[in-house]
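Here is how the chains run, residue by residue.
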Amino acid sequence: YYLKIPKMRAWIVLLLCLAGKALAAPEGLVAEVEVVEETEEALPVGANPVQIDTGDFEDSEDDTKKEIEVENPCENFHCKRGKVCEADENNEPMCVCQDPSTCPPSSVEFEKVCGTDNKTYDSACQLFATKCTLEGTKKGHKLHLDYIGPCKFIQECIDSELAEFPLRMRDWLKNVLVTLYERDNEETNLLTEKQKMKVKKMYENEKRLQAGEHSLDLLAHDFEKNYNMFIFPVHWQFGQLDQHPADKYLSHSELAPLRAPLVPMEHCTTRFFQKCDADNDKYIALEEWATCFGIKEEDIDGNLLI
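Residue positions are counted from 1 within each chain, in the order its sequence is given. Reporting of local features is limited, given that this is a predicted model, to residues whose pLDDT is at least 70; pairs of side-chain atoms are given and counted only at 80 or more, and all residues count toward the totals for whole chains, interfaces and linings. Heavy atoms from the whole structure form the basis of all side-chain values; hydrogens and water molecules are not counted.

K.L.:
Hey, could you run me through the side chain of Arg208 in this one?
P.N.:
Helical segments are the DSSP runs of H or I of at least four residues, strand segments are the runs of E of at least two, and each set is numbered from the N terminus. Inspection of the secondary structure assignment puts Arg208 in the loop between helix H7 (193-204) and helix H8 (216-225). A 1.4 Å probe rolled over the protein chains alone gives each residue an accessible area, and that area as a share of the maximum for its type sets the label: buried under 20%, exposed over 50%, partly exposed in between. Under the counting rule used here, the positive set is Lys and Arg, the negative set is Asp and Glu, and His together with the chain ends is not counted. Here, a salt bridge means any Lys or Arg side-chain nitrogen found within 4 Å of an Asp or Glu carboxyl oxygen. Comment: no salt bridge for buried Arg208; closest opposite-charge side chain is Glu182, at 4.5 Å. Two N or O atoms form a polar contact when they lie within 3.5 Å of each other; inside protein one atom must be a possible hydrogen donor and the other a possible acceptor, and for residues adjacent in sequence the pair counts only when both atoms belong to side chains. A distance of 3.2 Å separates the side chain of Arg208 from the backbone oxygen of Met202, its partner in a polar contact. Within the structure, the side chain of Arg208 is placed 3.4 Å from the backbone oxygen of Tyr203, a separation counted as a polar contact.

Here's what the structure looks like:
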């Protein structure tokens, strides 16, 4: 109570009490007033009993203070396949080779993959992690994903079969685009507006062959008669693969999403794409790709890589 009264009023009360100009107060009260005043004068600044004890406050703050979480530098940081992110001594993200044994085991047969070393790997994760650990070696440089599924015997592709391969591939690419067009809607957005405009003409063309098994003669005749319908599908597929980076050249890894599932079903796949690499530089340029599918030089157009 006394600590809420300004010092001047406290002194007036004391003087009145001492002079006997007020009601006589019990001795205990006078003594109490005097003690309080003496205590007020004696206590150092900040040690007033009615103030919150600083020490107790600090202890309480320590008890309730939340521990500051260190930001994970690897969050939203991506490494290429076969590598994982780890924080270095400065808490900066860095990519290191993944231990193949840390890859989750495959649960189904098609998760297994065959490497170009003709060895079956339990998963693509295990293959790329192994390739990373061999980085800088000749074996590691040659190791790639060959195809999806366990390694098996792939029969040799003879010349006559190789000539037939692009006929089926062209027809398949055309029908893939038509199927995407049929299934596209506002929610899925499988195709861009420009792509839809290109495919719409193919979809509305009543003369086109429907998806299915067709004789090689019919496929060859359809390509010759409806040549213009195949120009965009060939460019579209190249554009879908040419992503890392988009430089109008397909590397082995860029080609893999198309090649790897095809090899077990089409035994001429490997030889076909090897033939497409006409200059044998390990990359398939847009011009080489289009030529492989029978597109004329004057119809090869980088602007069609939508």
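Next, the rest of the story.
K.L.:
Would you mind showing me how to read H7 here?
P.N.:
For an α-helix, 3.6 residues make a turn, and residues three or four places apart therefore share a direction. Every helix has an expected span of 1.5 Å times one less than the residues it contains. A rise of 1.5 Å per residue sets the reference length of H7, with its 12 residues, at 16 Å; its end C-alpha atoms lie 16 Å apart and thus fit the reference within 8%. Residues count as neighbours in contact if any of their non-hydrogen atoms are within 4.5 Å of one another. Of the surrounding elements, those touching the buried residues of H7 are helix H6 (159-183) and helix H9 (228-241).

K.L.:
Would you mind going over unusual backbone geometry with me for this structure?
P.N.:
Most peptide bonds take the trans form, and the phi angle of most residues other than glycine is negative. Look at the link from His244 to Pro245: it is a cis peptide, with omega at -5°. At Asn91, a residue that is not glycine, the phi angle is positive and equals roughly 60°. As for its position among the elements, Asn91 is in the loop between strand E1 (83-87) and strand E2 (93-97). Residue classification places Asn91 among the partly exposed residues on the basis of a relative accessible area of 34%. A positive phi angle is found at Lys248, which is not glycine, with a value near 65°. Note on placement: Lys248 falls in the loop between H9 and strand E6 (249-250).

K.L.:
Would you mind going over the sheet that holds strand E3 (residues 113-115) with me for this structure?
P.N.:
Each strand in a sheet pairs with another by means of backbone hydrogen bonds, the pair being arranged parallel or else antiparallel. By the convention used here, strands pair only if DSSP detects at least 2 bridges between them. Read from one edge to the other, the open sheet built from three strands follows the order E4-E3-E5, with strand pairing classed as antiparallel. Single-partner strands in this sheet number two, and they are strand E4 (120-121) and strand E5 (145-148). Here three bridges tie E3 to E5, and the two strands are oriented antiparallel to one another. Within E5, the position partnered with Val113 by the bridge is Ile148.

K.L.:
Explain the nonpolar core here, please?
P.N.:
Soluble globular proteins tend to pack their nonpolar side chains together in the buried interior. To form a nonpolar core, buried Ala, Val, Leu, Ile, Met, Phe, Trp, Tyr and Cys residues must be joined to one another through side-chain atoms within 4.5 Å. Grouped together as the largest cluster of nonpolar side chains are 37 residues, with contacts concentrated most on Phe272, Phe273, Trp289 and Phe293. Those elements that provide at least two residues to this core are H6, H7, H9, helix H10 (252-262), helix H11 (269-276) and helix H12 (286-292). The element best represented in this core is H9, accounting for eight residues. Dropping the residues within four chain positions of it, Trp289 is found in contact with Val234, Gln237, Phe238, Leu241, Leu250, Leu255, Leu258, Phe273 and Ile284. Residues Leu127, Leu143, Leu145 and Ala260 belong to the second largest nonpolar core, which totals eight residues.

K.L.:
Even after reading the chapter, I still don't get the state of the cysteines, so can you show me in this structure?
P.N.:
In protein structure, a disulfide is the covalent linkage between the sulfur atoms of two cysteines. In this description, the term disulfide denotes a pair of cysteine sulfurs within 2.5 Å. Summed over all chains, the structure comprises seven disulfides. There is a disulfide in this structure between Cys79 and Cys95, and the S-S distance comes to 2.0 Å. The sign of the -90° torsion about the S-S bond sets the Cys79-Cys95 disulfide as left-handed. Taken as a pair, Cys79 in the loop between helix H3 (54-64) and E1 and Cys95 in strand E2 lie far apart in primary sequence, 16 residues in all. Judged by relative accessible area, Cys79 falls into the partly exposed class, the value being 22%. Judged by relative accessible area, Cys95 falls into the partly exposed class, the value being 32%.

K.L.:
Help me understand the side chain of Asp242, please; the structure alone is not making it clear to me.
P.N.:
In this fold, Asp242 is placed in the loop between H9 and E6. Not counting residues within four places of it along the chain, the set of residues in contact with Asp242 comprises Asp247, Lys248, Tyr249, Leu250 and Glu254.

K.L.:
Looking at this model, I keep getting lost on the packing of H6 against H8. Mind explaining?
P.N.:
Packed helix pairs are specified by the crossing angle of their axes together with the interaxial distance, meaning the distance between the axes. Taken N-terminus to C-terminus, the directions of H6 and H8 make an angle of 65°; their axes are 10 Å apart at the nearest point. In this structure, H6 crosses over H8, and the sense of that crossing is left-handed. Contacts between H6 and H8 involve Glu164, Leu167, Arg168, Arg170, Asp171 and Lys174 from the first element and Leu216, Leu219, Ala220, Asp222 and Phe223 from the second. For the contact of H6 with H8, the per-class residue count stands at five nonpolar, no polar and six charged. With axes taken as lines fitted to C-alpha atoms, and helix axes fitted only over the stretch in contact, angles between N-to-C directions fall between 0 and 180 degrees. Crossings are sorted by hand: turned counterclockwise from the far helix by less than a right angle, the near helix makes the crossing left-handed, and turned clockwise it makes it right-handed. Throughout, the ten residues Ala, Val, Leu, Ile, Met, Phe, Trp, Tyr, Cys and Pro are labelled nonpolar, Asp, Glu, Lys and Arg are labelled charged, and all others, Gly among them, are labelled polar.

K.L.:
Whenever I open this one, the environment of His144 confuses me. Can you help?
P.N.:
The residue His144 is located in the loop between helix H5 (138-142) and E5 in this model. For the pair His144 and Asp117, spaced 27 residues apart in the sequence, the C-alpha separation amounts to 7.9 Å. Here His144 is in contact with Cys114, Gly115, Thr116, Leu127, Lys131 and His252, once residues within four sequence places are set aside.

K.L.:
In this structure, what is going on with the environment of Val234? I would like to understand it.
P.N.:
Here Val234 shows up in helix H9. Using a relative accessible area of 1% as the deciding quantity, one classes Val234 as buried. Expressed as a C-alpha distance, the spacing of Val234 and Gly294, which sit 60 residues apart in the sequence, is 9.5 Å.

K.L.:
Please clarify how the pattern of salt bridges should be interpreted in this entry.
P.N.:
One side chain can pair with another of opposite charge once the charged atoms of both are near each other. Under the criterion given, the structure shown has 11 salt bridges. Residue Arg259 is joined to Asp146 by a salt bridge in which the shortest nitrogen-to-oxygen separation is 2.8 Å. Of this pair, Arg259 sits in helix H10 while Asp146 sits in strand E5, and the two are 113 residues apart along the sequence. Taking relative accessible area as the criterion, Asp146 reaches 16% and is therefore assigned buried. Here Glu266 ties to Arg168 by a salt bridge, and the two come within 2.9 Å at their closest N and O atoms. Of this pair, Glu266 sits in the loop between H10 and H11 while Arg168 sits in helix H6, placing them 98 residues apart in sequence. Exposure remark for Arg168: the relative accessible area of 30% places this residue in the partly exposed category. A cluster of three or more residues bridged by salt bridges with shared partners is formed by Lys80, Lys83 and Glu135.

Shape descriptors only; they carry no functional weight alone.
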